[in-house]
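For reference, the chains in residue letters:
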Amino acid sequence: MNKINYLLLSVLTAILSATAIAQTAPPSPTPEDDEPEFIVPSRPTVSNPAEFQKPGILQLEFGYNGNYRSTDFRSQHDAPLALRFAVNHRILVELDTDSPFSIKDRDNFRQTGAGDTQFGIQAVLQPENKTRPGIALAYYVKLPTASKEKNLGTGRVDHNFIGLFSKKIDKTTIDFNAIYLLAGRTSSNGRASSGQVAFAVTQAITKNFGLQGEVSGFSRNDEQSGAMFALGVATYQVGKRVSFDAGARFGLTKDAPRFGIVAGITVGVADIYKKRH
């Protein structure tokens, strides 16, 4: 446990130190087109963008996930809710949950309850420009608020360490995330390590309409088998504050759910730093 605490402290210290150093440099003038968008949706893909919404914006994301025909269950449903706040151009904090959560096992027995809760912090180490990608680091801790007795969660604390890379080329945005997961074991004491990658491409078709495609996967972790997925999503943005998404997910390996559907909305609910006259 001491080693784990030292690792967590080291990662958080590195994130905050790198951000502080970057912010001491005088800002270079940037064109208006390079200013952050009012909202930058992170859902429904596994990967998140390296950079995020305008500073001071409280961004709410809410949706629905349905997964079907897994080796472990017949169906699984949850309603992910995330609050993402841009403290400044470099730091984002996030709180999210997957409640309510429902699962029907292979014997058609259904359990429903609260899902797990996550808290995270993301720091931009290198903003994107015309010649280089945006680079960020993030740390998320999963709090086991889902019931282990109902088979809705593991009942253990998990730690996610994420490297995020993003690049926009004309109307195409590429996001790549590499994730190291340190999860509490369910079969014994201690923790198990695994890796996850996600590669997403977003194509703007019109000013408001876009398409997203993503391939993601994770390696085996303790009793959970590894799996790979493909995701296809259509997005539609209404003004600068609201974006809708809907699409389908497909399992690419035998232990992954065969099929899933996603739908949701992203809203910029508050501009905390807006000057009032």
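These numbers were taken from a predicted model, which means no experiment stands behind them. (Residues numbered from 1 in each chain as written. Predicted model: local features only at pLDDT ≥ 70, side-chain atom pairs only at ≥ 80, totals over all residues. Heavy atoms only, no water.)

### Here's the deal with the pattern of salt bridges
It is possible for side chains of opposite charge to pair when their charged atoms get near one another. Following the criterion strictly, the structure yields 6 salt bridges and no others. When the shortest N-O distance is used, the salt bridge between Glu 94 and Arg 84 registers 2.6 Å. Taken as a pair, Glu 94 in strand β4 (residues 91-97) and Arg 84 in strand β3 (residues 81-86) lie far apart in primary sequence, 10 residues in all. With relative accessibility at 0%, the residue Arg 84 sits in the buried group. (Salt bridge = Lys/Arg side-chain N within 4 Å of Asp/Glu carboxyl O. Helix = DSSP H or I, 4+ residues; strand = E, 2+ residues; numbered from the N terminus. Buried < 20%, exposed > 50% of the residue type's maximum accessible area, 1.4 Å probe, protein only.)

### Thoughts on the environment of Ala 136
Tracing the sequence through the fold places Ala 136 in strand β8 (residues 134-143). When its relative accessible area of 1% is taken as the criterion, Ala 136 is described as buried. In sequence terms Ala 136 and Glu 51 are 85 residues apart; their C-alpha atoms lie 7.4 Å from each other. Not counting residues within four places of it along the chain, the set of residues in contact with Ala 136 comprises Ala 50, Gln 122, Ala 123, Val 124, Leu 125, Ile 162, Gly 163 and Leu 164. (Contact = heavy atoms within 4.5 Å.)

### Remarks on the confidence of the model for the chain
Overall, the predicted model of the chain reaches an average pLDDT of 87, with 87% of residues at or above 70. Every residue in residues 1-9 is under pLDDT 50, and counting partners more than four places away or in other chains gives 9 contacts. Counting contacts from residues 18-33, a segment whose pLDDT is below 50, to residues more than four positions away or on other chains yields 8 contacts. (pLDDT = per-residue confidence, 0-100.)

### Considerations on the side chain of Asp 175
With respect to the element layout, Asp 175 can be found in strand β10 (residues 172-184). One polar contact links Asp 175 to Ser 166, side chain to side chain, over a distance of 2.5 Å. In this structure Asp 175 touches Ser 47, Asn 48, Pro 49, Phe 165, Ser 166, Ala 198, Phe 199 and Ala 200, once residues within four positions along its chain are discounted. (Polar contact = N/O pair within 3.5 Å; in protein donor to acceptor, adjacent residues only side chain to side chain.)

### As for a positive patch on the surface
A cluster of basic residues, Arg 69, Arg 74, Arg 106 and Arg 258, forms a positive patch on the protein surface. The exposure class of Arg 106 is partly exposed, given its relative accessible area of 41%. (Patch = residues over 30% accessible without salt bridge, like charges linked within 9 Å, V, L, I, M, F, W, Y side chains within 5 Å. Areas by Shrake-Rupley, 256 points an atom, 1.4 Å probe, with all protein chains shown as cover. Lys, Arg positive; Asp, Glu negative; His and termini not counted. Charge placed at Lys NZ, Arg CZ, Asp CG, Glu CD.)

### Comments concerning the packing of aromatic side chains
Here the structure, examined in full by the defined rule, presents 6 aromatic pairs. For the pair Phe 250 and Phe 259, a centre-to-centre distance of 5.6 Å together with 55 degrees between the ring planes defines the contact as tilted. Clustering of aromatic rings is evident, with ring pairs tying together Tyr 139, Phe 161 and Tyr 180. (Phe/Tyr/Trp six-rings, centres within 6.5 Å; stacked < 30°, edge-to-face > 60°.)

### So, the environment of Phe 119
Tracing the sequence through the fold places Phe 119 in strand β7 (residues 117-126). Separated by 23 residues in the primary sequence, Phe 119 and Asp 96 place their C-alpha atoms 6.6 Å from one another. Look past the residues within four positions of Phe 119 in its chain and what remains in contact with it is Glu 94, Tyr 139, Tyr 140 and Val 141.

### A few points about the pairing of strand β11 (residues 191-204)
Strand direction decides the pairing type here: β10 and β11, joined by 13 bridges, are antiparallel. Across the sheet, the residue bridging to Leu 181 is Ser 194, located in β11. Note that β11 and strand β12 (residues 209-218) share 9 bridges and pair antiparallel. Bridge pairing links Ala 198 to Ser 216 in β12. Count of turn residues in the β11/β12 antiparallel hairpin: 4 residues. (Pairing = 2+ DSSP bridges.)

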